[in-house]
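One-letter residues, chain by chain:
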Amino acid sequence: MSDTIIGLTGGVASGKSLAESVFRDLGIFVADADAAARAALAAGSSGLAEVVAAFGAGVLAADGTLDRAAMRRRIFADAGAKRVLEGIVHPRVRASLQAACQAADSPYAVASIPLLAEVGGRSAYPWLRRILVIDAAEATRLARLQARDGIEAGLARRMLEAQASRTERLAIADDVISNDGPPQALATQVAALDRLYRRLAASA
Ligand SMILES: CC(C)(COP(=O)(O)OP(=O)(O)OC[C@H]1O[C@@H](n2cnc3c(N)ncnc32)[C@H](O)[C@@H]1O)[C@@H](O)C(=O)NCCC(=O)NCCS
Ligand SMILES: Nc1ncnc2c1ncn2[C@@H]1O[C@H](COP(=O)(O)OP(=O)(O)OP(=O)(O)O)[C@@H](O)[C@H]1O
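The shown structure was predicted, so the numbers you read here are calculated from the model rather than taken from an experiment.

Some remarks on the nonpolar core
Piece 1. Residues Val 51, Leu 85, Leu 97, Ile 113, Tyr 125 and Leu 128 are the most contacted members of the largest nonpolar core, which totals 30 residues.
Piece 2. Every element with two or more residues in this core is listed here: helix H2 (33-40), helix H3 (46-55), helix H4 (68-75), helix H5 (79-102), strand E3 (109-112) and strand E4 (130-135).
Piece 3. Ranked by the residues each element gives to this core, the list is headed by H5, at seven residues.
Piece 4. Split by domain, the residues of this core number at least three in each of domain 1 (1-28 + 108-204) and domain 2 (35-105).
Piece 5. Ala 19, Val 30, Val 190 and Leu 200 belong to the second-largest nonpolar core, a separate cluster that totals 19 residues.

Here it is as structure tokens:
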């Protein structure tokens, strides 16, 4: 049972997954918003039923699951559709992350929320004790994104531009990890924050 929940965020290819794995290695429970968003629209879920009610059965693939690629094309071409989908998915993601983190048996828990700055930061997630931003220079993220996903520079740049700016994200941060150096430097910063978060949890 953990009431100390840390929000982890960062732009695409900033190093969130790497930071998550370091927290897990230190014995900390990590809940992931992307996984919660997929579960919210799983076959047979109430979320998927709401999506079908809002968008029609045409969003389903032949096997009755959500046609995610088609939905992705639709929401990035139509801001209204994106808002409708988010209205269905985001409340479920918030509830699922909170429940999973509160049930965690580690001293504190981490909720990894890639779009935390985009959805309104603390006002959307008032139960976060602190917000940790993984930060890296845009050039670093572009290079790592291209290397990891094998995509061309133009697409990598558009993905960065579709997200909150570095300044907007840093504005919601209580803690910042700089990930422009080697992986070991990130691990050292995570370990230092782990000590802080354990102290906070112990005094809660
Ligand atoms: C549209 C959906 C079905 C597409 O699924 P698909 O498996 O093709 O893509 P995936 O979920 O991996 O997302 C791909 C990338 O798109 C971006 N993205 C997805 N949803 C959003 C959004 N609402 N706003 C901005 N960017 C988004 C993210 O950078 C993500 O890395 C899915 O992304 C979705 O349900 N989105 C709405 C819910 C949401 O906001 N999810 C984000 C985490 S809470
Ligand atoms: N300090 C580092 N040095 C070298 N490579 C790194 C470092 N940190 C992360 N990477 C690499 O950069 C890429 C992006 O990192 P990671 O996948 O952790 O980012 P992310 O924020 O989780 O990305 P996404 O937003 O796409 O989920 C990965 O290939 C990862 O191995």
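Focus on the packing of helix H6 (residues 138-149) against helix H7 (residues 153-161)
Piece 1. Put simply, H6 and H7 touch, their axes get as near as 10 Å, and they point 125 degrees apart. With respect to H7, the axis of H6 lies oblique. The chirality of how H6 crosses H7 is right-handed. Where H6 abuts H7, its residues Glu 138, Arg 141, Leu 142, Leu 145 and Gln 146 lie against Ala 153, Ala 156, Arg 157, Met 159 and Leu 160.

With respect to the pairing of E4
As a general feature of sheets, a regular strand has side chains that alternate between the two faces.
Piece 1. Most of E4 is tucked away, with five of its six residues classed as buried.
Piece 2. Inspection of the sheet shows strand E1 (residues 5-10) paired to E4 by five bridges, in the parallel sense. Across the sheet, the residue bridging to Leu 8 is Leu 132, located in E4.
Piece 3. Sheet topology places E4 next to strand E5 (residues 175-178); four bridges connect them, and they run parallel. Bridge pairing links Val 133 to Val 176 in E5.

Some thoughts on the site of ligand 2
Piece 1. Lining the immediate surroundings of ligand 2 are 14 residues, of which Lys 16, Ser 17, Arg 148, Asn 179 and Gly 181 lie closest.
Piece 2. Note that a nitrogen atom of ligand 2 is positioned 2.8 Å from one of the side-chain N or O atoms of Asn 179.
Piece 3. With the chains in place, 72% of the 630 Å² that ligand 2 exposes on its own is no longer accessible.
Piece 4. Mapped by element, the contributors of at least two residues to the shell around ligand 2 are helix H1 (16-25) and H6.
Piece 5. The leading source of residues in the shell around ligand 2 is H1, at three residues.

Focus on the domain arrangement of the protein chain
Piece 1. When the domains of the protein chain are assigned, the result is domain 1 (1-28 + 108-204) and domain 2 (35-105).
Piece 2. Opposite the 12 residues of domain 1 that make contact, domain 2 presents 10 residues.
Piece 3. Where domain 1 meets domain 2, there are zero salt bridges.
Piece 4. Per element, the largest residue contribution to the side of domain 1 that touches domain 2 is three residues, and it comes from E3.
Piece 5. Its residues assigned to classes, the side of domain 1 that touches domain 2 shows 10 nonpolar, one polar and one charged.

A closer look at H1
Piece 1. Burial in H1 covers these residues: Lys 16, Ala 19, Glu 20, Val 22 and Phe 23. Seen from one end, H1 has its buried residues packed into an arc of 160 degrees, which puts them on one side. Seen from the buried face of H1, the exposed residues on the opposite side, beyond 90 degrees, are Ser 17 and Asp 25.
Piece 2. Positioned one or two residues after H1, Gly 27 has a phi angle of 90 degrees, which is positive.

Focus on the site of ligand 1
Piece 1. For ligand 1, the set of nearby residues contains 14 residues, the closest of which are Arg 68, Arg 72, Lys 82, Glu 86 and His 90.
Piece 2. Between ligand 1 and Arg 72 there is a distance of 3.0 Å, counted from an oxygen atom to a side-chain nitrogen or oxygen.
Piece 3. Contact between ligand 1 and Glu 86: a nitrogen atom at 2.6 Å from a side-chain N or O atom of the residue.
Piece 4. Protein contacts shield 79% of the accessible area of ligand 1, which totals 780 Å² for the unbound molecule.
Piece 5. Mapped onto the shell around ligand 1, the elements with two or more residues apiece are H4 and H5.
Piece 6. Here the shell around ligand 1 is composed, by residue class, of seven nonpolar, two polar and five charged.

Rules used in this analysis
- Residues numbered from 1 in each chain as written.
- Chains lettered and ligands numbered in written order.
- Predicted model: local features only at pLDDT ≥ 70, side-chain atom pairs only at ≥ 80, totals over all residues.
- Heavy atoms only, no water.
- Core = buried A, V, L, I, M, F, W, Y, C linked by side-chain atoms within 4.5 Å.
- Buried < 20%, exposed > 50% of the residue type's maximum accessible area, 1.4 Å probe, protein only.
- Helix = DSSP H or I, 4+ residues; strand = E, 2+ residues; numbered from the N terminus.
- Domains from an automatic or database assignment.
- Axes fitted to C-alpha atoms, helices over the stretch in contact; angles between N-to-C directions.
- Parallel < 35°, antiparallel > 145°, perpendicular 65-115°, else oblique.
- Left-handed = near helix turned anticlockwise from the far one by under 90°.
- Contact = heavy atoms within 4.5 Å.
- Pairing = 2+ DSSP bridges.
- Near = heavy atom within 4 Å.
- Polar contact = N/O pair within 3.5 Å; in protein donor to acceptor, adjacent residues only side chain to side chain.
- Areas by Shrake-Rupley, 256 points an atom, 1.4 Å probe, with all protein chains shown as cover.
- Salt bridge = Lys/Arg side-chain N within 4 Å of Asp/Glu carboxyl O.
- Nonpolar A, V, L, I, M, F, W, Y, C, P; charged D, E, K, R; others polar.
- Arc of directions from axis to C-beta.

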